[in-house]
Amino acid sequence: MQDCDYQNTRLTHLGRDTSMSAGFVNVPVCRGSTILADNLEQWAQRKEPDNPYASYGRFTNPTLQTLTQAVAELEGGFQASLFPSGLAACTHALLGMLEVGDHLLIPDSVYGPVRAFAQQVLASRMGIQVQLYEPSLAEGIASLIRPNTKVVYVESPGSATFEIQDIPAIARCAHAVGAYVLLDNTWATPLFFTPFEHGVDVSIQAATKYLTGHSDALLGVATANERAWPLLRRAAHDFGQTAGPDDAFLALRGMRTLGVRLRQHQASALQIARFLENHPKVQQVLHPALESHRGHAIWKRDFTGSTGLFGIVLEPLSEAQLSRFFKTLRLFGIGLSWGGFESLALPMDMPKRNGRTLFGEGQLLRLHVGLEEPQHLQQDLAQALDAAYALNTSRNTSGLRLVAQQA
């Protein structure tokens, strides 16, 4: 991890404004809706858009403001806004930048619910032109940009496929026509990818994941540069988006240990990825930090670390064999989301675009390596794979139809 010691010190002290916390180390949970004014002059002042306390609890409070300031500083952005979930942060960031008749470019490897929102809401109901593009495009994306292109959305690595995008090259092409670049930075976090140094205008995180880190809160955060901030803020306010103070408090608590947790996630996941890369029943390991990964060179150039989420492609196996694999696992749970302390495994459908071209006829799985002892996790995967492929059954070429609606 680059400048790891500095980052840990920074995370420990971000947002600790004693004037807002009454001297407490942690800013207390502030619950409230109505904010009283002492006089009309104060009331008028609070109605200014940049007043941190505005005139109503929906806009902010000391707990929420502490978190948004800390995240904006960590990301290197101008200001940040909170949302009740990661998906809400994604969708409202898009809504803030787009108008009827605009053109949106979105990678085919994008997080499934964001893709569904773009196609079923933006395109079908709001008159926005949505075009999917190959995530491998770099400067080549210029050929897809139109006069009305307003947003180029990026996600690196991509959901399920873990494809790496050349974000600086894409950003140069987008900015040449005045378009905004929106990034889902949940996988890397700002510790491993600094979005605004690579040309991003809005960086989005599902704070549910690594930022909170304990699988006990739902939260989204979007950070904007100065150019994009008025549009992001307007979207949050116009749609009444806010977040609860308890979830914000949990995210602040989680941020304090983000550096040390990611260091462990990274080391354990790499150990297990390398083990799986040499396993006879594993066709591919989809981990950008491995030299065998198609996007490794770009990852090495732009990222300063890797986290606990990656994919694998198993040799073809029947429904019964796949079921045996998951039943035999002891330390990996089956569940949506990721980024917490616990390890998870999930079957994924092949991407519709070119999944078989990328991954052959195998079974795609997504793994999140938690904070357990990596040797124990490795042993758990090994025994589950042995049990699955030892099961004597004919192959069912239809595969197990468990679609992971990613979260």
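Please read these numbers as outputs of a predicted model, since none were measured by experiment. (Residues numbered from 1 in each chain as written. Predicted model: local features only at pLDDT ≥ 70, side-chain atom pairs only at ≥ 80, totals over all residues. Heavy atoms only, no water.)

Undergrad: What's the story with the overall build of the protein in this structure? I'm lost.
TA: Along its length, the protein carries 15 helices and eleven strands. In summary, the protein has a C-alpha radius of gyration of 22 Å against a globular reference of 22 Å for 407 residues, a match within 12%. Principal axes of the C-alpha set define a box for the protein whose edges measure 80 × 50 × 35 Å. The proportion of buried residues among the 407 residues of the protein is 57%. For the protein, the proportion of contacts with a sequence separation of at least 24, taken over those separated by at least 6, is 74%. A distance of 5 Å separates the average location of the 33 positive side-chain charges in the protein from that of its 37 negative side-chain charges. (Helix = DSSP H or I, 4+ residues; strand = E, 2+ residues; numbered from the N terminus. Rg over C-alpha atoms; globule rule 2.2 N^0.38 Å. Buried < 20%, exposed > 50% of the residue type's maximum accessible area, 1.4 Å probe, protein only. Contact = heavy atoms within 4.5 Å. Lys, Arg positive; Asp, Glu negative; His and termini not counted. Charge placed at Lys NZ, Arg CZ, Asp CG, Glu CD.)

Undergrad: What am I meant to see in the sheet that holds strand β11 (residues 363-368) here?
TA: In a beta sheet, neighbouring strands pair by backbone hydrogen bonds and run either parallel or antiparallel. A sheet is described by the order of its strands in space; here four strands give the open sequence β8-β9-β11-β10, paired in antiparallel fashion. Looking along the sheet, the strands with just one partner apiece sit at the ends: β8 (282-286) and β10 (344-348). When the angles between neighbouring strand axes are averaged without regard to direction, this sheet yields 25°. With six bridges connecting them, strand β9 (residues 309-314) and β11 associate as antiparallel partners. Directly across from leucine 309, in β11, lies its bridge partner histidine 368. (Pairing = 2+ DSSP bridges. Axes fitted to C-alpha atoms, helices over the stretch in contact; angles between N-to-C directions.)

Undergrad: Would you explain the pairing of β10 in this entry?
TA: Sheet faces and side chains relate simply in a regular strand, where the side chains alternate between the two faces. Burial of β10 is extensive: five of the five residues sit out of reach of the surface. Where β10 and β11 come together, five bridges link them in antiparallel fashion. Considered in β11, the bridge of leucine 346 is made with arginine 366.

Undergrad: Please clarify how the packing of aromatic side chains should be interpreted in this entry.
TA: The geometry of an aromatic ring pair is captured by two quantities: the separation of the ring centres and the angle between the planes. By the definition in use, this model includes four aromatic pairs. Ring geometry for tyrosine 210 and tryptophan 338: centres 5.5 Å apart, planes at 65°, overall edge-to-face. Pair noted here: tyrosine 210 is in the loop between β6 (202-206) and β7 (220-224) and tryptophan 338 is in the loop between α13 (319-328) and β10, with a separation of 128 residues, a long-range link. Of the two residues, tyrosine 210 and tryptophan 338, both sit in the buried class. When the ring of phenylalanine 325 is compared with that of phenylalanine 326, the centres are 5.1 Å apart and the planes differ by 85°; the resulting orientation is edge-to-face. Three or more aromatic residues link up through ring pairs in this structure, and these residues are Trp187, Phe193 and Phe303. Cation over ring: lysine 209 sits above tryptophan 338, and NZ or CZ is 5.5 Å from the ring centre. (Phe/Tyr/Trp six-rings, centres within 6.5 Å; stacked < 30°, edge-to-face > 60°. Lys NZ or Arg CZ within 6 Å of the ring centre and 35° of its normal.)

Taken by themselves, the reported measurements are silent on function.
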